[in-house]
Amino acid sequence: MVASKIAGKMLIEGKIHCLTGLHIGGNQDVSEIGGVDLLVIRDAVSREPYIPGSSLKGKLRSLLERHHFAKGTLEFNKKMIVGGQNISHHECGENKCVICRLFGASRSKDGSTKENLPASLYVRDAYLTEESRDKLSQLESAYYLSEVKFENTLDRITCAANPRQIERVPRGTEFHFQMVYNLWQPENFQYFEEDIKELFAALRLLNDDYLGGHGSRGYGHVEIKGLTLKWRGLSYYTGEGKEEKEEPVELTGDVNQLIDKIFQHGTGGTLGEDK
Ligand SMILES: [Zn+2]
């Protein structure tokens, strides 16, 4: 094992644009009688709806896992119990595995994952953009910066209706997101391009999937917009260099060309730099 050292960080930023209403569930304990059945998660201080980094990271991981499973390059070797349900997923803990390298793995009691593998990707919580906050504050809604949608489920025999109210962030809303990709081990230099390509693939998959709940009923259709990449080499953190910025970045762009462009000036520290 080579001692860890941070060679640099790639900051991946952009906006999550909601093309349809978004529901990411929050604490239902505060739901009053006669109120909304399913509330959205809100920041404890500002009370504004937000997208938890864990939700976004979990979605990107599951999309990539399913993508690799479909290609035959990954197996669902683990089960975990979440909310009483058995969830199949992948976790091998091998550094050569792109899923575990990006999203991490935890040592398991049964010995099938021998070591903890820290995630090289950090996904921050995504908050409303200022424009969206302004727009939503003008909404005529009983709930702060959100809308309430009525859903109905019909009993197939009696035709009795089972109405529910679901709170969601209205379409058109935008959140600012940031992910930090850490290139911290020399042995991972060889994986740099692959990791960035896989991340782009995950974001493309997300555009054609959904975020949050009730996706098959039209909720959570999002589009990643205004993507930028910034490279911060070691010298950036010691105050001797500056970050390299490349924008805008297209999700469909050539990742190799993009990486070449980012490093062409060299002032932000080159790949594998070790000062
Ligand atoms: Zn793995």
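As a starting point, this report considers the structure included with it.

Reading guide: rules and limits
Residues numbered from 1 in each chain as written. Predicted model: local features only at pLDDT ≥ 70, side-chain atom pairs only at ≥ 80, totals over all residues. Heavy atoms only, no water. Helix = DSSP H or I, 4+ residues; strand = E, 2+ residues; numbered from the N terminus. Buried < 20%, exposed > 50% of the residue type's maximum accessible area, 1.4 Å probe, protein only. Areas by Shrake-Rupley, 256 points an atom, 1.4 Å probe, with all protein chains shown as cover. Salt bridge = Lys/Arg side-chain N within 4 Å of Asp/Glu carboxyl O. Donors = N, O, S within 2.8 Å, 3.2 Å for Na, K, Ca; no water. Tetrahedral: all angles 85-135°; square planar, octahedral: opposite > 155°, others 65-115°. Expected span 1.5 Å × (residues − 1). Phe/Tyr/Trp six-rings, centres within 6.5 Å; stacked < 30°, edge-to-face > 60°. Pairing = 2+ DSSP bridges. Contact = heavy atoms within 4.5 Å. Polar contact = N/O pair within 3.5 Å; in protein donor to acceptor, adjacent residues only side chain to side chain. 1 Å grid on protein atoms, 1.4 Å probe; cavity = no way out; pocket = protein on both sides within 12 Å on 5 of 7 lines; lining within 4 Å. Points joined across faces, edges and corners; volume = space filled by probe spheres on them. Nonpolar A, V, L, I, M, F, W, Y, C, P; charged D, E, K, R; others polar.

### Quick look at the overall build of the chain
Turning to step 1, where the next piece is worked out: Across its full length, the chain carries 6 helices and 10 strands.
Turning to step 2, where the next piece is worked out: The buried share of the chain, taken over its 275 residues, is 46%.
Turning to step 3, where the next piece is worked out: Total accessible area computed for the chain in this model is approximately 14,900 Å², and 50% of it derives from carbon and sulfur atoms.

### Regarding the pattern of salt bridges
Turning to step 1, where the next piece is worked out: According to the stated counting rule, one finds 11 salt bridges in the structure shown.
Turning to step 2, where the next piece is worked out: The closest approach of N and O atoms between R133 and E48, which form a salt bridge, is 2.7 Å. Residue R133 is found in helix 3 (residues 130-137), and its partner E48 is found in the loop between strand 1 (8-18) and helix 1 (53-71); the two are separated by 85 residues along the sequence.
Turning to step 3, where the next piece is worked out: Across the pair R61 and E65 runs a salt bridge whose closest N-O atoms are separated by 2.8 Å. Within this pair, R61 and its partner E65 are both found in helix 1, separated by 4 residues, close to a single helical turn.
Turning to step 4, where the next piece is worked out: R61 gets classed as buried once you look at its relative accessible area, which sits at 14%.
Turning to step 5, where the next piece is worked out: Three or more residues joined by partner-sharing salt bridges are found here, namely K15, E174 and K225.

### Here's the deal with the coordination of the zinc ion
Turning to step 1, where the next piece is worked out: The coordination sphere of the zinc ion contains the protein donors H90 (NE2), C92 (SG), C97 (SG) and C100 (SG), at a distance range of 2.1 to 2.3 Å.
Turning to step 2, where the next piece is worked out: For the zinc ion, the 4 donor atoms in the first shell make angles of 100 to 113 degrees at the metal, so the coordination geometry reads as tetrahedral.
Turning to step 3, where the next piece is worked out: Mapped onto the sequence, the donors of the zinc ion take the spacing H-x1-C-x4-C-x2-C. You can see H90 sitting in the loop between strand 3 (85-89) and helix 2 (98-103) and its partner C100 sitting in helix 2, a full 10 residues away along the chain.

### What to know about helix 4 (residues 192-207)
Turning to step 1, where the next piece is worked out: Taking 1.5 Å of rise per residue, 16 residues should cover 22 Å, and helix 4 covers 23 Å from first to last C-alpha, within 8% of that figure.
Turning to step 2, where the next piece is worked out: Those residues of helix 4 that fall on the buried side of the exposure criterion are F192, D195, I196, E198, L199, F200, A201, A202, L203, L206 and N207.

### Some words on the packing of aromatic side chains
Turning to step 1, where the next piece is worked out: A full pass over the atoms with the stated rule returns 5 aromatic pairs.
Turning to step 2, where the next piece is worked out: Ring geometry for F192 versus W231: centroids 5.8 Å apart, planes at 75 degrees, classification edge-to-face. Placement of F192 in helix 4 and of W231 in strand 9 (residues 222-233) is noted, with a sequence separation of 39 residues between them. Of the two residues, F192 and W231, neither departs from the other in class, the shared state being buried.
Turning to step 3, where the next piece is worked out: Ring plane angle 85 degrees and centroid distance 5.0 Å describe the contact between Y236 and Y237, whose orientation is recorded as edge-to-face.

### Structural notes on the pairing of strand 2 (residues 78-82)
Turning to step 1, where the next piece is worked out: One ladder, built from 5 bridges, connects strand 2 with strand 3; its direction is antiparallel. Its bridge partner lying in strand 3, K79 is registered against S88.
Turning to step 2, where the next piece is worked out: Between the antiparallel neighbours strand 2 and strand 3 lie 2 residues, among them G83 with a positive phi of about 55 degrees.

### What to know about the environment of L19
Turning to step 1, where the next piece is worked out: By secondary structure assignment, the location of L19 is in the loop between strand 1 and helix 1.
Turning to step 2, where the next piece is worked out: L19 sits 201 residues away from G220 along the chain, and the two C-alpha atoms are 7.5 Å apart.
Turning to step 3, where the next piece is worked out: If we ignore the near neighbours within four places in the chain, the residues touching L19 are R171, H221, V222 and E223.

### Side note on the environment of K78
Turning to step 1, where the next piece is worked out: Along the chain, K78 turns up in strand 2.
Turning to step 2, where the next piece is worked out: Between the C-alpha atoms of K78 and H89, which are 11 residues apart in sequence, the distance is 5.3 Å.
Turning to step 3, where the next piece is worked out: Aside from chain neighbours lying at most four places away, what touches K78 is I87, S88, H89, E91, S108, S112 and T113.
Turning to step 4, where the next piece is worked out: A polar atom in the side chain of K78 sits 2.5 Å from the side chain of T113.

### Details of empty space enclosed by the protein
Turning to step 1, where the next piece is worked out: Overall, the coordinates contain 1 cavity of 30 Å³ or more when judged by the stated rule.
Turning to step 2, where the next piece is worked out: In terms of lining residues, the largest cavity is bounded by L22, I24, V40, I41, P49, Y50, V169 and F175.
Turning to step 3, where the next piece is worked out: Residues belonging to the lining of the largest cavity are distributed by class as follows: 8 nonpolar, no polar and no charged.

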